[in-house]
2 protein chains.
Amino acid sequence: MASEIARLDILAGTQAEFEAAVARAVPLFTRAVGCRSMRLLHSHEQQDRYWLLVEWDSVAAHEAFRSMPDFAAWRGLVGHFFAVAPVVEHGIDLGIGS
Amino acid sequence: MASEIARLDILAGTQAEFEAAVARAVPLFTRAVGCRSMRLLHSHEQQDRYWLLVEWDSVAAHEAFRSMPDFAAWRGLVGHFFAVAPVVEHGIDLGIGS
């Protein structure tokens, strides 16, 4: 399993609209092939920062999503809120944890 | 709920020992008050990078842990692997997701 860890820094003063846009976008992820779950978190430390955590079957599943119309729809909903380009990495589950 | 998102960059060539040390440290988290789960992920993009994701009842629960002997034990197990100080943030669950 691969966790997408995306740091999203948005324009000041757009929190409410951004959160509403992500809420509308949830089905774009839930119906994506290989997507297990997604969650939006608000940074405790940075007012205009969010973390998007998406669980994929694999990095390849996420990459495949990026070429789908639903990814374009996601960016259409939220892209104009970003103050800088999202910083996206993937973490591979090692089976270490609880 | 508060997710601790910790980026851990370790010294080159110490992956196997680091992963073994984190595996030994799992009980330090699972028995902590307010800790719901923890997972170690290996970065897909950076060979010497890991992500530690810990679910806490609240940021305060994590802060309380940091003053406990078990936190000192955690740092004793893994601190010498860090190439730089871990970068730790918290994400607050908004109930947006699936």
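Look a little higher up for the structure.
Residues numbered from 1 in each chain as written. Chains lettered and ligands numbered in written order. Predicted model: local features only at pLDDT ≥ 70, side-chain atom pairs only at ≥ 80, totals over all residues. Heavy atoms only, no water.

## A closer look at the sheet that holds strand β4 (residues 87-97) of chain A
Spatial strand order, β1(A)-β3(A)-β2(A)-β4(B)-β1(B)-β3(B)-β2(B)-β4(A): eight strands in a closed barrel with antiparallel pairing. Here the average twist between neighbouring strands, direction ignored, is 35°. Summarising the sheet, strand β1 (residues 2-9) of chain B and strand β4 (residues 87-97) of chain B pair through six bridges and their orientation is antiparallel. Across the sheet, Arg-7 of chain B pairs through a bridge with Val-87 of chain B, a residue of β4 of chain B. Running at roughly 175° to strand β2 (residues 35-43) of chain A, helix α1 (residues 15-30) of chain A makes contact with β1 (2-9), β2 and β3 (49-56) of chain A together with β4 of chain B of the sheet. Contacting β4 of chain A together with β1, β2 (35-43) and β3 (49-56) of chain B, helix α1 (residues 15-30) of chain B crosses the sheet at an angle of about 175° to β2 of chain B. (Pairing = 2+ DSSP bridges. Helix = DSSP H or I, 4+ residues; strand = E, 2+ residues; numbered from the N terminus. Axes fitted to C-alpha atoms, helices over the stretch in contact; angles between N-to-C directions. Contact = heavy atoms within 4.5 Å.)

## What to know about empty space enclosed by the protein
One water molecule sets the probe size; rolling that probe over the atoms shows where empty space is left. Residue and element names in this part refer to chain B. Inspection of the entire model under this criterion finds one cavity of 30 Å³ or more. Roughly 110 Å³ of volume is contained in the largest cavity. Among the elements of the structure, β1, α2 (59-65) and α3 (69-78) are those that each provide at least two residues to the lining of the largest cavity. Here the residues of the lining of the largest cavity sort into ten nonpolar, one polar and three charged. (1 Å grid on protein atoms, 1.4 Å probe; cavity = no way out; pocket = protein on both sides within 12 Å on 5 of 7 lines; lining within 4 Å. Points joined across faces, edges and corners; volume = space filled by probe spheres on them. Nonpolar A, V, L, I, M, F, W, Y, C, P; charged D, E, K, R; others polar.)

## So, the interface of chain B and chain A
Taken together, the contact between chain B and chain A spans 32 residues of the former and 32 residues of the latter. Across the interface of chain B and chain A, roughly 2900 Å² is buried in total on both sides, 57% from carbon and sulfur atoms. Together, Glu-89, Ile-96 and Ser-98 of chain B form the three largest contributors to the area buried by chain B at its contact with chain A, with a combined 22%. For the pair chain B and chain A, the interface holds six salt bridges. (Buried area = accessible area lost by both parts, 1.4 Å probe. Salt bridge = Lys/Arg side-chain N within 4 Å of Asp/Glu carboxyl O.)

## A word on the packing of α1 of chain A against helix α3 (residues 69-78) of chain A
All names here are of chain A. It is at 9 Å that the axes of α1 and α3 come closest, and there the two elements cross at 175°. Here α1 is positioned roughly antiparallel relative to α3, judged by the angle of their axes. Residue-level contacts link Phe-18, Ala-21, Val-22, Arg-24, Ala-25, Leu-28 and Phe-29 of α1 to Asp-70, Ala-73, Trp-74, Leu-77 and Val-78 of α3. (Parallel < 35°, antiparallel > 145°, perpendicular 65-115°, else oblique.)

## Focus: the environment of Gly-95 of chain A
Locating Gly-95 of chain A in the fold gives a position in strand β4. Expressed as a C-alpha distance, the spacing of Gly-95 of chain A and Trp-56 of chain A, which sit 39 residues apart in the sequence, is 15 Å.

## Brief notes about the packing of aromatic side chains
For the structure on display, the rule yields 14 aromatic pairs over all chains. For the ring pair Phe-18 of chain B and Phe-81 of chain B, a centre distance of 5.8 Å and an interplane angle of 75° mean the geometry is edge-to-face. With Phe-18 of chain B in helix α1 and Phe-81 of chain B in the loop between α3 and β4, this residue pair connects regions lying 63 residues apart in the sequence. On the basis of relative accessible area, Phe-81 of chain B is assigned to the buried category, the value being 8%. Centroid distance Phe-29 of chain B to Phe-65 of chain B: 5.3 Å. Interplanar angle 40°. Geometry classified as tilted. Note that Phe-29 of chain B is positioned in helix α1 and Phe-65 of chain B in helix α2, a separation of 36 residues in sequence. Assessed through its relative accessible area of 2%, Phe-29 of chain B is described here as buried. The buried category is assigned to Phe-65 of chain B, whose relative accessible area is 4%. Chaining the aromatic ring pairs together yields one cluster made of Phe-29, Trp-56, Phe-65, Phe-71 and Trp-74 of chain A. (Phe/Tyr/Trp six-rings, centres within 6.5 Å; stacked < 30°, edge-to-face > 60°. Buried < 20%, exposed > 50% of the residue type's maximum accessible area, 1.4 Å probe, protein only.)

## What about the layout of surface pockets?
The space that makes up the largest pocket amounts to roughly 160 Å³. Around the largest pocket, the lining comprises 14 residues; the ones closest to its centre are Arg-7 and Trp-51 of chain A together with Arg-7, Trp-51 and Val-87 of chain B. When residues of the lining of the largest pocket are traced back to their parent elements, those giving at least two are β1, β3 and β4 of chain A together with β1, β3 and β4 of chain B. For the lining of the largest pocket, the residue count by class is eight nonpolar, no polar and six charged.

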